[in-house]
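Below, each chain spelled out in residue letters.
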Amino acid sequence: MALNLRQKHTECIARMLNLNQPVNATGTANEEVYKILIYDKFCQNILSPLIHVKDLRKHGVTLYFLIDKDRKPVHGVPAVYFVQPNQTNIQRVIADASRSLYDSFHLNFSSSIPRPLLEELASGTLNSDSINRISKVHDQYLEFVTLEDSLFSLAQKSSYVQLNDPSAGDREIEEIVERIVTGLFCVLATLAVVPIIRCPRGGPAEMVASALDQRLRDHLLSKNNLFTEGGSFVSSFQRPILCIFDRNFELSVGIQHDFRYRALVHDVLGLRLNRLSVQGEKGGMRSYELDSSDPFWVVNGSLEFPEVAVEIESQLNKYKKDVDEVNKRTGGTDGAEFDGTDLMGNTKHLMNAVNSLPELTERKQVIDKHTNIATVLLGEIKERSLDSYAKKENDMLVRGNIDRNELLGVLRGKGTKMDKLRFAVMYLISSENINQSEVESVEAALREFEVDTSAFQYVKKLKSLNASVATANLASRNNIVDWAEKIYAVTAGVKNLLSSDRQLALTRTVELLMDGKPNPEIDSYLVFDPRAPKSSSGTSHMRGPFKEAIVFMIGGGNYVEYGSLQEFAQCQQPVKHVIYGATEILTGVEFVEQLTLLGHKMGFGSNAAASTR
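Fair warning: this is a prediction, and the values are worked out from it, not measured in the lab. (Residues numbered from 1 in each chain as written. Predicted model: local features only at pLDDT ≥ 70, side-chain atom pairs only at ≥ 80, totals over all residues. Heavy atoms only, no water.)

Tracing the sequence through the fold places Thr 182 in helix α7 (residues 170-191). Judged by relative accessible area, Thr 182 falls into the buried class, the value being 18%. At a separation of 3.2 Å, a polar atom in the side chain of Thr 182 contacts the side chain of Arg 215. With near-sequence residues (within four places) excluded, Thr 182 lies in contact with Ser 111 and Arg 215. (Helix = DSSP H or I, 4+ residues; strand = E, 2+ residues; numbered from the N terminus. Buried < 20%, exposed > 50% of the residue type's maximum accessible area, 1.4 Å probe, protein only. Polar contact = N/O pair within 3.5 Å; in protein donor to acceptor, adjacent residues only side chain to side chain. Contact = heavy atoms within 4.5 Å.)

A word on the sheet that holds strand β5 (residues 134-139). Spatially, five strands are ordered β2-β1-β3-β4-β5 in an open sheet, and the strand pairing comes out parallel. Edge strands, defined here as strands with exactly one partner in the open sheet, are β2 (61-66) and β5. Strand-to-strand twist in this sheet, taken as the mean axis angle between neighbours without regard to direction, amounts to 15 degrees. (Pairing = 2+ DSSP bridges. Axes fitted to C-alpha atoms, helices over the stretch in contact; angles between N-to-C directions.)

As a further point, take the sheet that holds strand β14 (residues 577-582). In a beta sheet, neighbouring strands are held together by backbone hydrogen bonds and run either parallel or antiparallel to one another. Reading across the sheet, the seven strands line up as β6-β7-β14-β13-β9-β8-β12 and stay open at both edges, with mixed pairing between neighbours. Because the sheet does not close on itself, it has two edges, and the strands there are β6 (145-148) and β12 (526-528). Taking the axes of each pair of neighbouring strands and ignoring which way they run, one obtains an average angle of 20 degrees across the sheet. Where helix α1 (residues 5-17) meets the sheet, it contacts β6, β7 (151-153) and β14, and its direction lies at approximately 135 degrees from that of β6. Where helix α22 (residues 559-571) meets the sheet, its contacts fall on β6, β7, β13 (548-554) and β14, and the angle it forms with β14 comes to roughly 170 degrees.

Applying the stated criterion to the full structure yields 29 salt bridges. Note that Arg 262 is salt-bridged to Glu 148, the shortest N-O span being 3.6 Å. One end of the pair, Arg 262, is in helix α9 (residues 261-269); the other, Glu 148, is in strand β6, and 114 residues separate them in sequence. The residues Arg 262 and Glu 148 share a single accessibility class, namely buried. Note that Glu 448 is salt-bridged to Arg 412, the shortest N-O span being 3.3 Å. Of this pair, Glu 448 sits in helix α16 (residues 436-448) while Arg 412 is found in the loop between α14 (404-411) and α15 (417-430), placing the two residues 36 residues apart along the sequence. Judged by relative accessible area, which is 43%, Arg 412 ranks as partly exposed. Each of Asp 70, Arg 71, Arg 92 and Asp 96 takes part in one network of salt bridges that share partners. (Salt bridge = Lys/Arg side-chain N within 4 Å of Asp/Glu carboxyl O.)

This part is about the packing of α9 against α22. In contact at an axis separation of 9 Å, α9 and α22 are set at 165 degrees when each is read in the N-to-C sense. Judged by the inter-axis angle, α9 sits roughly antiparallel to α22. Crossing angle aside, the handedness with which α9 passes α22 is right-handed. Each of Arg 262, Ala 263 and His 266 in α9 lies in contact with α22, whose residues at this interface are Tyr 559, Val 560, Tyr 562 and Gly 563. Of the residues contributing to the contact of α9 with α22, the split by class is four nonpolar, two polar and one charged. (Parallel < 35°, antiparallel > 145°, perpendicular 65-115°, else oblique. Left-handed = near helix turned anticlockwise from the far one by under 90°. Nonpolar A, V, L, I, M, F, W, Y, C, P; charged D, E, K, R; others polar.)

Between two packed helices, both the angle of their axes relative to each other and the distance between the axes serve to describe the pair. Orientation of α7 relative to helix α8 (residues 203-220), taken along the N-to-C sense of each, is 55 degrees, at an axis distance of 9 Å. Between α7 and α8, the angle is such that the two are oblique. Judged by the twist between their axes, the crossing of α7 over α8 is right-handed. Here Ile 173, Val 177, Glu 178, Ile 180, Val 181, Thr 182, Leu 184, Phe 185 and Leu 188 of α7 lie close against α8, whose contacting residues are Met 207, Val 208, Ala 211, Leu 212, Arg 215, Leu 216 and His 219. A breakdown of the residues in the contact of α7 with α8 according to their chemical character gives twelve nonpolar, two polar and two charged.

Quick look at a positive patch on the surface now. On the surface, Lys 41, Lys 69, Lys 157 and Arg 272 cluster together into a patch of positive charge. Positionally, Arg 272 belongs in the loop between α9 and β10 (275-279). (Patch = residues over 30% accessible without salt bridge, like charges linked within 9 Å, V, L, I, M, F, W, Y side chains within 5 Å. Areas by Shrake-Rupley, 256 points an atom, 1.4 Å probe, with all protein chains shown as cover. Lys, Arg positive; Asp, Glu negative; His and termini not counted. Charge placed at Lys NZ, Arg CZ, Asp CG, Glu CD.)

Take the pairing of strand β8 (residues 196-199) next. Because side chains alternate across β8, one face comprises the buried residues Ile 196 and Arg 198, and the other comprises Ile 197 and Cys 199, equally buried. Of the strand pairs in this sheet, β8 and strand β9 (residues 241-246) are connected by three bridges, and their pairing is parallel. Bridge pairing in β9 places Ile 196 opposite Ile 241. Where β8 and β12 come together, three bridges link them in antiparallel fashion. Paired with Arg 198 across the bridge in β12 is Val 527.

This next bit is on helix α13 (residues 386-399). For α13, with 14 residues, the first-to-last C-alpha span of 20 Å sits near the 20 Å given by 1.5 Å per residue. Buried residues of α13: Leu 386, Tyr 389, Ala 390, Glu 393, Asn 394, Met 396 and Leu 397, and no others. Angular distribution of buried residues about the axis of α13 spans 160 degrees; they occupy a single face of the element. Counted as exposed and oriented over 90 degrees from the buried face of α13: Lys 391 and Val 398. At the exit of α13 stands Gly 400, carrying a positive phi of roughly 85 degrees. (Expected span 1.5 Å × (residues − 1). Arc of directions from axis to C-beta.)

The next subject is the pairing of strand β4 (residues 104-109). Here β4 lies mainly inside the structure; six of its six residues are buried. The pairing of strand β3 (residues 78-83) with β4 spans six bridges and is parallel. Opposite Phe 82, over in β4, you have Asn 108 as the bridge partner. Handedness of the crossover joining β3 and β4 through helix α4 (residues 87-98) is recorded here as right-handed. Here five bridges tie β4 to β5, and the two strands are oriented parallel to one another. Across the sheet, residue Asn 108 finds its bridge partner in β5, namely His 138. With helix α5 (residues 115-127) bridging β4 and its parallel neighbour β5, the resulting β-α-β unit is right-handed. (Right-handed = clockwise from strand over helix to strand, strands pointing away.)

With that settled, the discussion passes to the packing of aromatic side chains. Under the criterion given, the structure shown has 16 aromatic pairs. On the numbers, 5.4 Å between centres and 20 degrees between planes, the contact of Tyr 81 with Phe 105 is stacked. Here Tyr 81 is found in strand β3, whereas its partner Phe 105 is found in strand β4, with 24 residues between them in sequence. Taken together, Tyr 81, Tyr 102 and Phe 105 form an aromatic cluster joined through their ring pairs. Note that Arg 262 overlies the ring of Trp 297, its terminal NZ or CZ placed 5.8 Å from the centroid. Seen from the ring of Phe 449, Lys 420 lies directly overhead, with NZ or CZ sitting 4.5 Å from the centre. (Phe/Tyr/Trp six-rings, centres within 6.5 Å; stacked < 30°, edge-to-face > 60°. Lys NZ or Arg CZ within 6 Å of the ring centre and 35° of its normal.)

Laid out in structure tokens, this is it:
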């Protein structure tokens, strides 16, 4: 069995809801023990994609509240707290205990609680004479959001801005790195694996890899460590490889328009925590969940949008055919909507029809859901010419240039202000040789539509610094993340961006790292093995091929990279398994907004709002 992060994460939460006792064979808690669940906003987001409200009852949870809401006392039941270990939450727990809101408190922190906060909790409850109400305190190591079986986010906002802010000091950078390391440690603890770590030299990737290596080494020295490799869960004797990258490794993927279904739904409709709201056919907003329980989403998420439209029509025709078949067998009317009211005929056919009703009804609901989503998407595609943006951006990346009239035609054509800005930035990134007069024409076209050009100016600055990288290397370091180091990939990665089979540079690099063979593209990558002596170079542990990988993107990931990695893994013989994660999952708009903010910090651009409309 391959590493399944969603399953492991859900199992850990189920155990926590069962007062940290083993759950029964069905994966649910003991319903005899009713309890109240208290969480903060961050932990609510952790729970949301994994445990539905209707599932909470299966785990014995009858009431649930946000920790910062006013709550009335409820006696006779234990309270399960699931919160981040910070001072605000500790003070709230102390206040709740001193007011005797609940008989017993089972405190679960999303990551390890620092000793000063633990002491504050102890002294606060002691002073209020309520320490006897604190039944248990647990470090859960669950401080990340699992969206799919192989997709996670640390939900750490604006990390790209924070790491690339020219005014950021060493202390601030170290704190961000520490938060990222804590999140990754939680993921590895949940999977119960200690991987081989690989990363490019320099910049945030090396800083995170080095700090994570040290954190794992320190933890492995403790008697009761969290990593029980060799147990029943680990899918093979071989450890997985953890590949850490920085967003600057392949900047373009975070900006470009993509025409695949999963990426389009996220980028255009704002999929968040596996949920989205769209305009319904009969007016009003409809909310949908898109996760592993939706078979259409799982199978077709990686297809281009036109193929998805064909598949929806195909499934609808198959559904109608199956309904007609049931109606024929039971004496119903051909083409009638299958609602179970027109069932006649012999008992055998009647029973078969009744048994097929739930499955047919569920299929129809899935078809209706994706028909509605696709209809809304199609409206956006037509209104904004998103198919044209996606095609022309791909063409630019492949050719390294674009005809000037075509370039300006796109910028003056359909699309939101943000669409135009993203296209302009993609032009900068993909162009091997920058034509100054052409750049000025692009800026003029953007200003014509009142687009804030800060992000464009910022990337242009990165390009110029990249061109003089040798000089920049000699410059004084006023930031841990040296400008020259973090900028190199803005153009350096583009030449490797698309191989003949249009594979992303990230996917190509992960493939090489998983092969574990010497290759000039990855020979300079650092190796960290937390289980090996520190003096060892780790080369003896590089031997591939690796069957499993965890790929982590610092500064924001996206569904384009996730889809590309899953496609690569599924095409291998035997099939490989790749888990993808990032500091946060960003749409193209959200990432360009971070570039815009950096542009402002550098003193670029206008004050015009980079509106998405």
